[in-house]
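Residue strings, one per chain:
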Amino acid sequence: MIIALAGGVGGARLANGLARILPPGELSVVVNTGDDFEHLGLHVSPDPDTVMYTLAGLNDAERGWGLAGETFACMEAVGRLGGESWFALGDRDLATHIERTRRLRSAETLSAITADFAQKLGITQAIVPMSDDKVQTRLQTPEGLLAFQDYFVRRRCEPAVTGMLFEGAEAAVPSPGFAALMRAPELRGIIICPSNPFLSIEPILAVPGVRGWLQNRAVACIAVSPLIGGKAVKGPAAKMMAELGLEATPQAIAKQYDGLIDGLVIDSADAAQAYGPCQITDTLMRGVPGQERLAREVLVYLGQLSPRQ
C-alpha cells in the first residue's frame, strides 16, 4: 500500500501515474479539501474532482482541470441573468456537484460519496478526502483575508500573500479512510506529490494528528518538488514563496517539509541547488507516459529509502 498526498493539477498527474503502474487497490490518494466551497448552492470539491477525473481518464489534459470536451452553456446563461459566473462549472461537471450536494444534504459523508463516484467511474485505486469536516483555506493579504477561490480564481492569484489560515482545521479529524490508512500495517511508503506545499499539502497537515503521524511513521516518505528551474509548472507556488520571503529552491521546499520527509525529488534544472537527500530527474510530466515514467522513478527512490532512515 502506497499513500500519496495530493492536491491541484501536479498532484493529480503524479497520482495518475502511480495509479496506472501500481496494481489495483495498492494506492490511496489522500486529497486536500481546503479548497472546497459552496457555489450557486452547490458543494464544489475542486481537488478531489481533479484527481477523480484524471484517474478516470476524463480530465481536460490541456487545462488541467474539469472534463475534456466540456461546454459552459449553463454558466453563460447564469451570467446573462446576473448570477455568479466567475467560477466556471462545466455543463457535465455540474452533474457531479448536483449529486454530491444532494447526497451531503441526505447526511452522507464526503468520503462515502467520493468513493462511490470513483467506483462508478471505474477507478480501481482509492481517493480519500483528508477530512469529512469543513476546513477552509484563507489567504492573508494586504487587502485582508480572502477565501481561497476568491484569491485563486476570482482574483487570479494577484494579491500578495502574507500568510495562510485553515479555518476549522483545529476541530477537524482525519476522514475514516485516512485514519485507517495511517494505521494500516501493509503501508510501505508515502509520497507527497508535486502539489503547492502551502495551498494543497499544508491543509492536510493542519488536520490534527496528521503531522504527528508523518513525524513518527515507520516507513519512508518522500516529496516531489513542484518547482522546475525555480518556477512552478502551474499555479502560484513560486510567486507565493517570494511573497513569503522564501527563495524558490529545493532547499526551501525541503525546509517546508522538515521532519516529515526522508528525501526530495527535484528536477535536473535545479540540480545545482540540490539540498539534503534528493533524487535528481526530469520531473516535467509530458502526458500519461511522462506521468508513468516519473511515478516509476519516484517508487524506485522510495524503495531505496525503506525502511525509514
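In the block above lies the structure referred to throughout.
Because the structure is a prediction, the values reported are computed rather than measured.

> Sorry, what's going on with the nonpolar core here?
Looking at soluble globular proteins, one finds that nonpolar side chains tend to be buried together. Leu5, Val30, Phe178 and Trp213 are the most contacted members of the largest nonpolar core, which has 47 residues in total. Per-element tally for this core: the top contributor is helix H8 (residues 197–206), with 5 residues. Not counting residues within four places of it along the chain, the set of residues in contact with Val30 comprises Ile3, Ala4, Leu5, Ala6, Val128, Met130, Phe178, Leu181 and Ile204. With 36 residues, the next largest nonpolar core counts Tyr53, Phe117, Ile127 and Leu299 among its residues.

> Looking at this structure, how should I read the side chain of Asp35?
One can find Asp35 in the loop between strand S2 (27–31) and strand S3 (37–39). For the buried Asp35, which has no salt bridge, the nearest side chain bearing the opposite charge is Arg138, at an N-O separation of 9.1 Å. Within the structure, Asp35 has its side chain in polar contact with the side chain of Asn32 (distance 3.2 Å). Non-local contacts of Asp35, meaning those with residues more than four positions away in its chain, are made with Pro46, Asp47, Thr137, Phe148, Gln149 and Leu199.

> Looking at this structure, how should I read the sheet that holds strand S1 (residues 2–6)?
Within a sheet, adjacent strands bond to each other through the backbone by hydrogen bonds, running parallel or antiparallel. Across the sheet, 7 strands lie side by side as S5-S2-S1-S9-S10-S13-S14; this open sheet has parallel pairing. Every other strand in the sheet has two partners, leaving strand S5 (126–129) and strand S14 (278–281) as the edge strands with one partner each. Within the sheet, the average angular offset between the axes of one strand and its neighbour, ignoring direction, is 20°. With 4 bridges joining them, S1 and strand S9 (residues 189–192) adopt parallel strand pairing. From the neighbouring strand, Ala4 faces S9, where its bridge partner is Ile191. Contacting S1, S2, S9 and strand S10 (221–224), helix H1 (residues 8–21) runs over the sheet at an angle of about 165° to S2.

> So what exactly am I meant to see when it comes to the sheet that holds strand S8 (residues 163–167) here?
Reading across the sheet, the 3 strands line up as S7-S6-S8 and stay open at both edges, with antiparallel pairing between neighbours. A single partner strand is all that each edge strand has here, and the edge strands are strand S7 (144–147) and S8. On average, adjacent strands in this sheet sit at an angle of 30° to one another, irrespective of strand direction. Taken together, the 5 bridges between strand S6 (residues 136–141) and S8 define a ladder with antiparallel strand orientation. Each bridged residue has a counterpart across the sheet, and for Arg138 the counterpart in S8 is Leu165. Each of S6 and S8 is contacted by H8, which is oriented at about 45° to S8, the strand it contacts most.

Parameters and conventions
Residues numbered from 1 in each chain as written. Predicted model: local features only at pLDDT ≥ 70, side-chain atom pairs only at ≥ 80, totals over all residues. Heavy atoms only, no water. Core = buried A, V, L, I, M, F, W, Y, C linked by side-chain atoms within 4.5 Å. Buried < 20%, exposed > 50% of the residue type's maximum accessible area, 1.4 Å probe, protein only. Helix = DSSP H or I, 4+ residues; strand = E, 2+ residues; numbered from the N terminus. Contact = heavy atoms within 4.5 Å. Lys, Arg positive; Asp, Glu negative; His and termini not counted. Salt bridge = Lys/Arg side-chain N within 4 Å of Asp/Glu carboxyl O. Polar contact = N/O pair within 3.5 Å; in protein donor to acceptor, adjacent residues only side chain to side chain. Pairing = 2+ DSSP bridges. Axes fitted to C-alpha atoms, helices over the stretch in contact; angles between N-to-C directions.

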